[in-house]
Amino acid sequence: MKPFFATATLVLAIAARAESPFKDFVRAQGDQLIEEGKPFRFISWNIPNLHYVEDNVPFKELHPLRFPDRFEVTDALATTRQMGGKVARTYVLAVRRTNDGPHDLRHVLGPGQFNEEAFRALDLVMAVANEQGVRVIIPFVDNWIWWGGIAEYAGFRGMPKEAFWTDPQVIADFKETIRFLVLRTNTLTGVRYCDDKALLCWETGNELLSPPAWTRNIAAYIKSLDKNHLVMDGYHTTELRPESLDMPEVDIVTTHHYPGPKRSFAELIRENWAKAKGRKPYVVGEFGFVDTAKMAEAMEAIQETGTAGGLLWSLRFRNRDGGFYWHSEPAGGNQYKAFHWPGSPIGAAYDEIAFMDLVRKQAFAIRGLTPPPIPVPEPPKLLPIADAAAISWQGSVGASAYVVERAAKASGPWLPVGSPVDESFVQYRPLFADETATAGEWFYRVRARNDSGTSAPSNIVGPVKVTRAVFVDELADFSRLHTREGNLEIRTRDCRQAKEDAHRARGEAGSALVYKLPSSIEGFRVFAFFPKDVTDLKFAVSTEGQSFREVPAEKTLYYQGAGDYGYWKPVLFHAKDFATEKVSFLKITLTGETQIGRIEIAHALSNP
């Protein structure tokens, strides 16, 4: 008799096969990709975090890497499908770096050494891809430092980066990674990767500066293991190299496009198509960081030529802890961020709402389809609530806003206490603070909405005991201040360094923020970032707003080093039980360059 876990795995595998909509592998025929005898064309997305999250950066979190769960992967691929996309390109397999700590999760730990937990996350991606009907492109290795790549493979053998292309032992080590993944049996579906129809193609790597001989060698090796899938050359270029078009081992050629070259994306795409026409399918593997009009021209060039497809950079999905994952793009002029569907006013600087609508139209158009109406969102999932000032939920695909409802009983009646709530407004914070709740016990639920309608309610959470009021200022502007002193300004750039906090109050020594509360202040928390040295904040309270007395505050530093992104130093200042009299004014004075992202002030309930 089989053990229970073996039987359960088999049942999952059979179910996954039954649910997959894919009938065949994607083939190459001349310069076209073919699916079930018809051209397979797409406008879709790079989803770098699909299998490996590098953007888990809450204020107190010291280790930003983690693996996605089923909610997150499903949100990513269901979003892709709702937007008309048929393909998602992951980023690479992460490789252990010499400066990694014990919390730095990677796929490849050394020559022939692999992290099973990491590959199980990729198993989940492939299982959900079959459920959602989205094909996946997987590049094996990175040219760059971010997740470890070619330099790390060479470093395992004590060699310089360039040895990755020529040294037989290093090449053998890399081939072992390829063999491990290509022949791996998915722990959730029971299907080997080389037999999984949800895989569109293998890519030799991301933006590789690979010699032609290396590319032929690696592509041939992949094909020796996998007779079902195509191989894309991951050579880094904006203009197709003739050698790639000539290689019989390479099935698909690709280019990446970002600001820099004097010629437009559209012009380069048309020229590349002319080179590939009649020879091999051509895919625009990455393009982005230009305005909506230029991106529209690029997508039109893809549509009007026979280019097989284009993958925009980039899409991020919802976070299991509420809201979205965020990723600012310093290479995009420090303006562009990873996109979220269906877009939000917070992305106005890069035209997110209009741009995402355009991408959806183009994604359906290249398939010869008219976009269907966006469905009413599914109910969100309300997460546990410890404090009425910190309410979050797992959002719904296609939702543009949410309604938070409160009731004294689980049976209702329900009163809207937050509407509309934009889940993109804050980053790695509670999505909503109920500042109007009176003393007592309360129940909460949430609905998602968009232009098509409002969802059924979420699960109910409660009773939540309320014994104090909490005032929250996310400092998107100065509208919640009583007054301010000195040279204060709202900053919306350099968000990556501030752990993706999208709006912060910046000031120099002597600048001050003053708040007036409707009742006596009982405590506060201030979330601050220090681009340079950590300095103190001074706190003072007052009964009438004229004469202030200083109060002490503790501070906690949450800092693991600047890392690759140049993170600033996050410091939480906090105090409570400091008042000997009823004080309703709080003054926060800076003593050095500081950026403040969030302020919470607890105060007595006005109607106990």
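Each remark here, short or long, concerns the structure printed above.
Rules and cut-offs
- Every chain's residues receive numbers from 1 upward, in the order its sequence appears when written.
- Per-residue local features of the predicted model are confined to residues with pLDDT of at least 70, and side-chain atom pairs are confined, for both listing and counting, to 80 or more; whole-chain, interface and lining totals are unaffected and use all residues.
- Side-chain measures were taken over the full set of non-hydrogen atoms in the model, leaving aside hydrogen atoms and water.
- Strands here mean DSSP runs of E at least two residues long; helices mean DSSP runs of H or I at least four residues long; both are numbered from the N terminus.
- Only protein chains enter the accessibility calculation, which uses a 1.4 Å probe; a residue whose area is less than 20% of its type maximum is buried, one above 50% is exposed, and one in between is partly exposed.
- Using a 1.4 Å probe, the Shrake-Rupley method yields the accessible areas, and only the shown protein chains count as cover for residues.
- In this tally Asp and Glu are treated as negative and Lys and Arg as positive; neither His nor the chain ends contributes.
- In plain terms, the charge of a residue is placed at NZ if it is Lys, CZ if Arg, CG if Asp and CD if Glu.
- Contacts: residue pairs with any heavy atoms within 4.5 Å of one another.
- Here a polar contact is taken to be a pair of N or O atoms separated by no more than 3.5 Å, where protein atoms must pair a possible hydrogen donor with a possible acceptor and residues adjacent in sequence count only if both atoms sit in side chains.
- Any two strands with at least two DSSP bridges between them are considered paired.
- Angles here are taken between N-to-C directions and fall from 0 to 180 degrees, while the axes themselves are lines fitted to C-alpha atoms, restricted in helices to the stretch in contact.
- By convention, a crossover is right-handed whenever its connection, traced from the first strand over the helix to the second and viewed with the strands pointing away, goes clockwise.
- The rule is short: rings of Phe, Tyr and Trp, with Trp giving its six-membered ring, pair when the centres are within 6.5 Å, and they are stacked under 30 degrees, edge-to-face over 60, tilted in between.
- We count a salt bridge whenever a side-chain nitrogen from Lys or Arg sits within 4 Å of a carboxyl oxygen from Asp or Glu.

Draft legend 1. Up close: the overall build of the chain. Regarding its fold elements, the chain presents 10 helices and 32 strands. Viewed in the frame of its principal axes, the chain has a C-alpha envelope of about 80 × 55 × 55 Å. The buried share of the chain, reckoned over its 608 residues, is 58%. For the chain, the accessible surface area stands at approximately 23,900 Å², while carbon and sulfur atoms represent 53% of it. Averaged over its 71 positive side-chain charges, the chain has a centre that lies 3 Å from the centre of its 75 negative ones.

Draft legend 2. Molecular detail of the environment of Arg-179. Topologically, Arg-179 is positioned in helix H5 (residues 168-182). Taking the C-alpha atoms as reference points, Arg-179 and Gly-112, 67 residues apart in sequence, are found 9.9 Å from one another. Apart from residues lying up to four places away in sequence, Arg-179 is in contact with Arg-184, Tyr-221 and Leu-225. Among the polar contacts listed, one links the side chain of Arg-179 to the side chain of Glu-176, at a separation of 2.7 Å.

Draft legend 3. Inspection of the sheet that holds strand S28 (residues 549-551) at higher detail. Strand order across the open sheet formed by 5 strands is S22-S25-S31-S27-S28, with antiparallel pairing between neighbours. At either margin of the open sheet sits one strand with a lone partner, and together these are strand S22 (483-485) and S28. Ignoring which end each strand starts from, the neighbouring axes of this sheet average 25° apart. As paired strands, strand S27 (residues 537-542) and strand S31 (residues 585-590) are joined by 6 bridges and run antiparallel to one another. Bridge pairing in S31 links Ala-540 to Lys-587.

Draft legend 4. Quick look at the pairing of strand S11 (residues 253-257). Within S11, 5 of the 5 residues are buried, leaving the element largely enclosed by the surrounding structure. By the bridge criterion, 5 bridges tie S11 to strand S12 (residues 282-287) in an arrangement that is parallel. Within S12, the residue paired with Thr-255 across the bridge is Val-284. The β-α-β motif built from S11, the intervening helix H8 (residues 265-276) and the parallel element S12 has right-handed crossover chirality.

Draft legend 5. Examining the packing of aromatic side chains more closely. According to the stated counting rule, one finds 35 aromatic pairs in the structure shown. On the basis of an interplanar angle of 50° and a centroid distance of 6.1 Å, the ring pair of Tyr-52 and Phe-67 is categorised as tilted. Pair noted here: Tyr-52 is in the loop between strand S4 (42-46) and helix H2 (70-82) and Phe-67 is in the loop between S4 and H2, with a separation of 15 residues, a long-range link. Classification of Tyr-52 by relative accessible area gives buried; the value is 0%. Geometrically, the ring pair formed by Phe-114 and Phe-119 is edge-to-face, given 6.0 Å between the ring centres and 90° between the ring planes. Each member of the pair, Phe-114 together with Phe-119, is buried.

Draft legend 6. Inspection of the side chain of Arg-135 at higher detail. Here Arg-135 shows up in strand S8 (residues 135-139). Given the relative accessible area of 1%, Arg-135 is considered buried. For Arg-135, the residues in contact, after removing those within four places along its chain, are Phe-22, Asp-24, Phe-25, Val-26, Glu-35, Phe-40, Lys-86, Val-87, Ala-88, Lys-197, Ala-198 and Leu-200.

Draft legend 7. Layout of the sheet that holds strand S1 (residues 27-29). Taken in spatial order, the 3 strands of this open sheet run S1-S2-S3, and their pairing is antiparallel. Looking along the sheet, the strands with just one partner apiece sit at the ends: S1 and strand S3 (38-39). Pairing analysis gives 2 bridges linking strand S2 (residues 32-35) to S3, with the strands arranged antiparallel. Bridging from a neighbouring strand, Glu-35 pairs with Lys-38 of S3.

Draft legend 8. Here's a closer look at the pattern of salt bridges. For the structure on display, the rule yields 49 salt bridges. Two residues, Lys-555 and Asp-536, come together in a salt bridge whose shortest N-O distance is 2.8 Å. A residue pair is termed long-range when its members are at least 10 positions apart, and Lys-555 in strand S29 (residues 554-557) and Asp-536 in the loop between strand S26 (521-530) and S27 qualify at 19 residues. Counted as one network, the salt bridges with shared partners bring together Arg-429, Glu-474, Asp-501, Arg-525, Arg-598 and Glu-600.

Draft legend 9. Quick peek at the pairing of strand S32 (residues 594-603). The buried fraction of S32 is high, at 10 of 10 residues. Both strand S21 (residues 469-473) and S32 contribute to a ladder of 5 bridges, which runs antiparallel. Residue pairing across strands places Val-470 opposite Ala-602, the latter belonging to S32. In terms of strand pairing, S26 meets S32 through 8 bridges, oriented antiparallel. If you follow Val-526 over to S32, its bridge partner there is Ile-599.

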